[in-house]
Amino acid sequence: MIKFLDLQKINAQYEQELKEAAVRVIDSGWYLMGKELESFEKNFASYCNVDYCLGVANGLDALRLIFKAYLEMGVMEKGDEVIVPANTYIASILAITDNNLVPVFVEPNLETFNLDSDLIEAAITSKTKAILTVHLYGQNSIDVKMLDICSKFKLKLIEDGAQSHGAKFQGKISGAIGDAAGHSFYPGKNLGALGDGGAVTTNDSKLASTISALRNYGSHKKYENKFQGLNSRLDEIQAAFLDVKLKYIQEDIAARRKVANYYLENIKNSKIVLPLVLNQEGHVWHLFVVKTEKRDELQSYLAENGIQTLIHYPIPPHKQPAYKEMNHLSFPITEKIHEVVLSLPMSAVMLEEDMRIIVDILNKY
Ligand SMILES: *Cc1c(COP(=O)(O)O)cnc(C)c1O
């Protein structure tokens, strides 16, 4: 069987270095908020080319903490609105509602799957304070129009960079394009820990300092609590693992692009619509997502032929039981996307032989 994603194989590439990192942390006797975190924060900030990086417990917390900090700073208040794509992973929405802010959904572009900047202005009200844009599937979602709208209406631009480590827009790396960004290091993400992990990147010193307290009980100084914070820290052992894997991120991106280009050049089937790439540098291929009218039929056909696929995502946030108050809303493009998308196997460790088999089976469908 060709797996959708083989995490064992991905981490086996760095087995020796990961083991050394684990031993170093175990022997150090120091497991939180120490040298390993400091080193990874410095290296990831430098990779993204931003002034500040703060390691946190996971990607959802990274986004939650950005909004929580803006509330503490008086940049936003309860009930303010945040524009967000209607077709995103639920975490983007949870980060907003958990802070008593209001998500205002905007439809994506059907071809790029990303927030349609032509539709943003119509959704802005006097309560709009930010855009949370999601670089879905690894493709940069920011364009000149979005930046212009943010400066015209004085909105904060927050990036959900969970899927887009290393994607570029106008030479800037995802995480350095907006005012702040949340990153996830969930094991299956392009830069994955061996457990949960996340980070916030920003050039805003006030935001960085507020989040550095909020992630640690609201405290800059032990037992002095400035804010009602959270416990959301990135473990030393995960920071040490991430430091190992960060060194290879460019090779990983290059390998993903190779798989994507192979699919793009060789999948030839009128029933399958390939993803649109606006710019090579702007896409790091967290997922390779095709569209097809009879999606479940294609998925079963591939499964019968030994190819594992996944659906990102089967139900949009506004149709989830968790958001009953939004269930009546209608976003036809978003709902259509959820019906037709299918994610093909994609990773930096895919064998050429597997790519050939997948293309061959798809072309025979
Ligand atoms: C994975 C993901 C998150 C959340 O990250 P976790 O580390 O799992 O909390 C947020 N947004 C998007 C778009 C994601 O894909």
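Residues numbered from 1 in each chain as written. Predicted model: local features only at pLDDT ≥ 70, side-chain atom pairs only at ≥ 80, totals over all residues. Heavy atoms only, no water.

With an unreviewed UniProt entry as reference, the protein chain is termed Aminotransferase, source organism Polaribacter sejongensis.

Chemist: Describe unusual backbone geometry, and please don't skip the residues or the numbers.
Modeler: A cis amide bond links His 312 with the next residue in sequence, Tyr 313, at an omega value of 10 degrees. Locating Tyr 313 in the fold gives a position in the loop between α10 (295–304) and α11 (332–340). Of note in the backbone geometry, Phe 113 takes a positive phi value of approximately 70 degrees without being a glycine. Turning to its location among the elements, Phe 113 is positioned in the loop between β3 (102–106) and β4 (128–134). Overall, Phe 113 belongs to the buried group, its relative accessible area being 4%. Look at Gln 170: it is not a glycine, yet its phi comes out positive at around 50 degrees. Summarising the element assignment, Gln 170 is placed in the loop between β6 (168–169) and β7 (172–173). (Helix = DSSP H or I, 4+ residues; strand = E, 2+ residues; numbered from the N terminus. Buried < 20%, exposed > 50% of the residue type's maximum accessible area, 1.4 Å probe, protein only.)

Chemist: How would you summarise the environment of Pro 314 if you had to cite specific residues and measurements?
Modeler: Take Pro 314: it is sitting in the loop between α10 and α11. Remark: the alpha-carbon pair of Pro 314 and Asp 360, spanning 46 residues in sequence, is separated by 26 Å.

Chemist: Tell me what's going on with the site of the ligand, and back it up with residues and numbers.
Modeler: Lining the immediate environment of the ligand, one finds 14 residues, of which Gly 59, Asp 160, Gln 163, Ser 184 and Lys 189 sit closest. Here Asp 160 contributes a side-chain N or O atom positioned 2.7 Å from a nitrogen atom of the ligand. In the environment of the ligand, an oxygen atom lies 2.7 Å from a nitrogen or oxygen atom belonging to the side chain of Ser 184. When the ligand sits alone it has 380 Å² of accessible area, and the protein chains cover 91% of it. Placement of the ligand is best described as lying within the largest pocket. Tallied by class, the residues present in the shell around the ligand amount to seven nonpolar, five polar and two charged. (Near = heavy atom within 4 Å. Polar contact = N/O pair within 3.5 Å; in protein donor to acceptor, adjacent residues only side chain to side chain. Areas by Shrake-Rupley, 256 points an atom, 1.4 Å probe, with all protein chains shown as cover. 1 Å grid on protein atoms, 1.4 Å probe; cavity = no way out; pocket = protein on both sides within 12 Å on 5 of 7 lines; lining within 4 Å. Sits in = over half its atoms within 2 Å of the grid points. Nonpolar A, V, L, I, M, F, W, Y, C, P; charged D, E, K, R; others polar.)

Chemist: Please provide a residue-by-residue account of empty space enclosed by the protein, values included.
Modeler: A complete count under the given rule lists three cavities of 30 Å³ or more for this structure. Listing elements by their share of the lining of the largest cavity, those giving two or more residues are α1 (7–12) and α9 (249–266). Per-element accounting of the lining of the largest cavity gives the leading share, three residues, to α9. Taken together, Glu 111, Thr 112, Phe 113, Tyr 137, Gln 139, Pro 275, Leu 276, His 283, Trp 285, Leu 287 and Val 289 form the lining of the second largest cavity. Considered class by class, the residues forming the lining of the second largest cavity number seven nonpolar, three polar and one charged. (Points joined across faces, edges and corners; volume = space filled by probe spheres on them.)

Chemist: Describe helix α3 (residues 35–48), with residues and values.
Modeler: Look at α3: 20 Å from first C-alpha to last across 14 residues, which is about the 20 Å you get at 1.5 Å a residue. A positive phi of about 60 degrees marks Asn 49, the residue just after α3. (Expected span 1.5 Å × (residues − 1).)

Chemist: Which residues make up the nonpolar core, and what values do they have?
Modeler: Phe 67, Leu 132, Ile 158 and Ile 211 are the most contacted members of the largest nonpolar core, which totals 33 residues. Elements represented by at least two residues in this core include exactly β1 (52–56), α4 (59–72), β2 (81–85), α5 (90–97), β4 and α7 (205–214). Sorting elements by how many residues they give to this core places α4 first, with seven residues. With residues near it in sequence (within four places) discarded, Ile 211 still touches Leu 54, Leu 65, Ile 66, Ala 69 and Val 200. (Core = buried A, V, L, I, M, F, W, Y, C linked by side-chain atoms within 4.5 Å. Contact = heavy atoms within 4.5 Å.)

Chemist: Residue-level account of the side chain of His 135, with values.
Modeler: In this fold, His 135 is placed in the loop between β4 and α6 (144–152). A relative accessible area of 1% places His 135 in the buried class. Here the side chain of His 135 touches Ser 141 through a polar contact of 2.8 Å, side chain to side chain. Discounting chain neighbours no more than four positions away, the residues touching His 135 are Asn 114, Asn 140, Ser 141, Ile 142, Glu 159, Asp 160, Gly 161, Gln 163, Ser 164 and Ser 174.

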